[in-house]
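Observations on chain architecture
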Amino acid sequence: MHVFLGVDCKTNGCKGKFVLAYLGEEPNVLQSFTMQAPSRFRLHCLNCDETHRYSFSEIHRMERPEPPPSDFRNHVQIIRDDSHLRKPN
Ligand SMILES: [Zn+2]
């Protein structure tokens, strides 16, 4: 499965989803990272034509069988955290 970060459309009954970042394909999914996203943001859903407000805490993990399109770019900045890999001096 391919793992993403995103939010769900808040319109009742709408299945719209917004993919904000791609974390990779299992088992090589980025596990340790810092996400830089606005604390609050708005997204317009093309499925139901409604705009809703979202907060940082509503961004959650999503899984899909398909990889992102080749021109996909993350909408939030993902900073890899390798600090657990570094050896102490
Ligand atoms: Zn929607």
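Rules and cut-offs
Residues numbered from 1 in each chain as written. Predicted model: local features only at pLDDT ≥ 70, side-chain atom pairs only at ≥ 80, totals over all residues. Helix = DSSP H or I, 4+ residues; strand = E, 2+ residues; numbered from the N terminus. Buried ≥ 20, exposed ≤ 12 C-beta atoms within 10 Å, placed from the backbone. Contact = placed C-beta atoms within 7 Å. Pairing = 2+ DSSP bridges. Core = buried A, V, L, I, M, F, W, Y, C linked by C-beta atoms within 7 Å. Axes fitted to C-alpha atoms, helices over the stretch in contact; angles between N-to-C directions.

**Description of the overall build of the protein**
Secondary structure assignment for the protein yields zero helices and seven strands. Scanning the protein from its N terminus toward the C terminus, one meets helices and strands in the order β-β-β-β-β-β-β. Seen along its three principal axes, the alpha-carbon backbone of the protein occupies a region of about 55 × 30 × 20 Å. Expressed as a percentage of its 89 residues, the buried residues of the protein come to 12%. In the protein, the proportion of contacts linking residues at least 24 apart, taken out of those at least 6 apart, comes to 65%.

**Some words on the pairing of strand S5 (residues 51–55)**
One ladder, built from five bridges, connects strand S4 (residues 40–44) with S5; its direction is antiparallel. Across the sheet, the residue bridging to Leu43 is His52, located in S5. Linking two consecutive strands that pair antiparallel, namely S4 and S5, is a turn of six residues; a positive phi of about 65 degrees is found at Asp49 within it.

**As for the nonpolar core**
Formed by Phe4, Leu5, Val7, Phe18, Leu20, Ala21, Tyr22, Leu23 and Tyr54, the largest nonpolar core amounts to nine residues. Mapped by element, the contributors of at least two residues to this core are strand S1 (2–8) and strand S2 (17–25). A total of five residues in this core trace back to one element, the largest contributor, which is S2. In contact with Tyr54, not counting residues within four places along its chain, are Val7, Phe41 and Leu43.

**Examining the sheet that holds strand S6 (residues 60–64)**
An order of S2-S1-S6 is seen for the three strands of this open sheet, with the pairing classed as antiparallel. Taken across any chain shown, the strands that pair with only one partner, and hence form the sheet edges, are S2 and S6. Taking the axes of each pair of neighbouring strands and ignoring which way they run, one obtains an average angle of 35 degrees across the sheet. Looking at chain direction, S1 and S2 are connected through seven bridges and run antiparallel. Bridge pairing links His2 to Glu25 in S2.

Shape descriptors only; they carry no functional weight alone.
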